[in-house]
Amino acid sequence: MSPESQASDALPSRRRRAPRGGRHRGDESFLLPPGAPTLVLAVPGAARPGAADLATELARLVEIEHTGQPARVAFLEGDEAGLHSVLAGLRGEEDDELEAVVVPMSTGPDPVMDAELHAAVADAPALAVAAEPLGPHPLIAEALHDRLADAGLVRADRIRLMTMVTAASGVIVATPGDATAVRQAEVTGVLLASRLAAPVFTASLNDESSVKAAADQLRAAGAASVVLAPHLVGPEPDAALVASAAGIVGCPHSAPLGAHPALARLAALRYVEALSMALAD
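Now for a quick tour of the structure. (Residues numbered from 1 in each chain as written. Predicted model: local features only at pLDDT ≥ 70, side-chain atom pairs only at ≥ 80, totals over all residues. Heavy atoms only, no water.)

1. Overview of the sheet that holds strand β6 (residues 128-130)
In spatial order, the strands read β4-β3-β5-β6; together these four strands make up an open sheet with parallel pairing. In the strand order of this sheet, the two ends are held by β4 (71-75) and β6, each with one partner. Shown here is a sheet whose adjacent strand axes are inclined to one another by a mean of 30°, direction ignored. Pairing geometry for strand β3 (residues 38-43) and β4, over five bridges, is parallel. Along β4, the bridge assignment pairs Ala42 with Ala74. This element, helix α2 (residues 49-67), spans β3 and β4 of the sheet and lies at about 155° to β4. Across the face of the sheet, helix α9 (residues 261-280) comes into contact with β3, β5 (100-104) and β6 while running at roughly 135° to β5. (Pairing = 2+ DSSP bridges. Helix = DSSP H or I, 4+ residues; strand = E, 2+ residues; numbered from the N terminus. Axes fitted to C-alpha atoms, helices over the stretch in contact; angles between N-to-C directions. Contact = heavy atoms within 4.5 Å.)

Here it is, written out as structure tokens:
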């Protein structure tokens, strides 16, 4: 077998396909070799109807738009569709064969979720590796922008690739986690500010004083209308804090990112990155 053939069997290759009518794979799609490890989306918390539906839709987008192979959904807590049982169901005949790449459904590093995920992967009956979180990445800024537009808080002129701010003259990107998570999300905030041509400050959803400080800074800088953009996917327990955080500073908010196509692209990208590293070791 030639080196070129061996490489094609070992690593997924990125491909570009010409657009066609109806649903089609996006620019960032990957051709997975036969028998490639399963992509498993790891959802924080236990299985709940809303979280399960969201994760299932995101897995569907990953499959039809990017990998062409089924993606699975698993939860980090509880017995129903738990990560341990999902990975156990993937175990093959060879103990040293990589069976799964687990991609966390989080917009950035989360010490608690990361620890749970790595512990579950290490204890799994099937050989698996953990991928990096979805963000930070410019695609997160794109998804935040779209959700703000969906809520009528900004308007995106997609034809001229320009944005005209309507209800918002300043944005708070509210992220779950501590000061480290806020610093990570600041990358996304800068990218979002460049898209909106409006000031963006980042705050912690878990700290009311952080959200208040961001709102005060924006208003002091001349922002007459402040809005809040949740920097989370949606199944996280912190999603319940969004409405109260917006209420504290008296501003509207957009919805969590949900099953946005940009997140599906990121999940496929993180899968390929982790798989390539595992095969190189």
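2. A few points about the packing of α2 against α9
One way to put it is that α2 packs onto α9 with a least axis distance of 9 Å and a crossing angle of 70°. Here α9 runs roughly perpendicular to α2, going by the angle between their axes. Both α2 and α9 take part in a crossing whose hand is right-handed. Residues Leu58, Leu61, Val62, His66 and Thr67 of α2 pack against Pro261, Leu263, Ala264, Arg265, Ala267 and Ala268 of α9. (Parallel < 35°, antiparallel > 145°, perpendicular 65-115°, else oblique. Left-handed = near helix turned anticlockwise from the far one by under 90°.)

3. Quick word on the sheet that holds strand β11 (residues 226-230)
Here three strands make up an open sheet; going across it, the order is β10-β9-β11 and the pairing parallel. Two strands lie at the open edges of the sheet, namely β10 (200-204) and β11, each paired on one side alone. For this sheet the average axis-to-axis angle between neighbouring strands, irrespective of direction, equals 30°. The pairing of strand β9 (residues 170-175) with β10 spans five bridges and is classified as parallel. Looking across to β10, one finds that Val171 is bridged to Val200. The strands touched by helix α5 (residues 138-150) are β9 and β11; relative to β11, the strand with the most contacts, the crossing angle is about 125°.

4. Focus on the environment of Gly45
Structurally, the position occupied by Gly45 is in the loop between β3 and α2. In this structure, the C-alpha to C-alpha distance between Gly45 and Met113, residues 68 residues apart in sequence, is 9.0 Å. Once you skip the residues sitting within four places of it in the chain, Gly45 turns out to touch Phe75, Leu76 and Glu77.

5. A word on α9
Given 3.6 residues per turn, any residue in an α-helix points the same way as the ones three and four places further on. End to end, α9 covers 29 Å across 20 residues, agreeing with the expected 28 Å (1.5 Å per residue, within 8%). Along α9, the residues classified as buried are Ala262, Leu263, Ala264, Leu266, Ala267, Ala268, Arg270, Tyr271, Val272, Ala274 and Leu275. (Expected span 1.5 Å × (residues − 1). Buried < 20%, exposed > 50% of the residue type's maximum accessible area, 1.4 Å probe, protein only.)

6. So, the side chain of Thr107
With respect to the secondary-structure elements, Thr107 resides in the loop between β5 and α4 (111-122). One polar contact links the side chain of Thr107 to the main-chain carbonyl oxygen of His231, over a distance of 2.9 Å. Apart from the residues lying within four places of it in its own chain, the contact partners of Thr107 are Gly135, Pro136, Ile140, His231, Leu232, Val233 and Leu257. (Polar contact = N/O pair within 3.5 Å; in protein donor to acceptor, adjacent residues only side chain to side chain.)

7. A few points about the pattern of salt bridges
All told, the structure shown has three salt bridges when counted by the stated rule. Between Glu273 and Arg270 there is a salt bridge; the shortest N-O distance is 3.1 Å. Taken together, the positions of Glu273 and Arg270, both in helix α9 and three residues apart, correspond to about one turn of that helix. We classify Glu273 as partly exposed; its relative accessible area is 33%. Classification of Arg270 as buried rests on a relative accessible area of 10%. (Salt bridge = Lys/Arg side-chain N within 4 Å of Asp/Glu carboxyl O.)

8. Digging into the packing of helix α7 (residues 208-220) against helix α8 (residues 242-249)
At a closest axis distance of 9 Å, the pairing of α7 and α8 adopts a crossing angle of 45°. One element, α7, and the other, α8, form an angle in the oblique class. Viewed along their axes, α7 and α8 form a crossing whose handedness is right-handed. For the pair α7 and α8, contact is made by Glu208, Val211, Lys212, Ala215 and Arg219 and by Ala245, Ile248 and Val249, respectively. Split into classes, the residues belonging to the contact of α7 with α8 amount to five nonpolar, no polar and three charged. (Nonpolar A, V, L, I, M, F, W, Y, C, P; charged D, E, K, R; others polar.)

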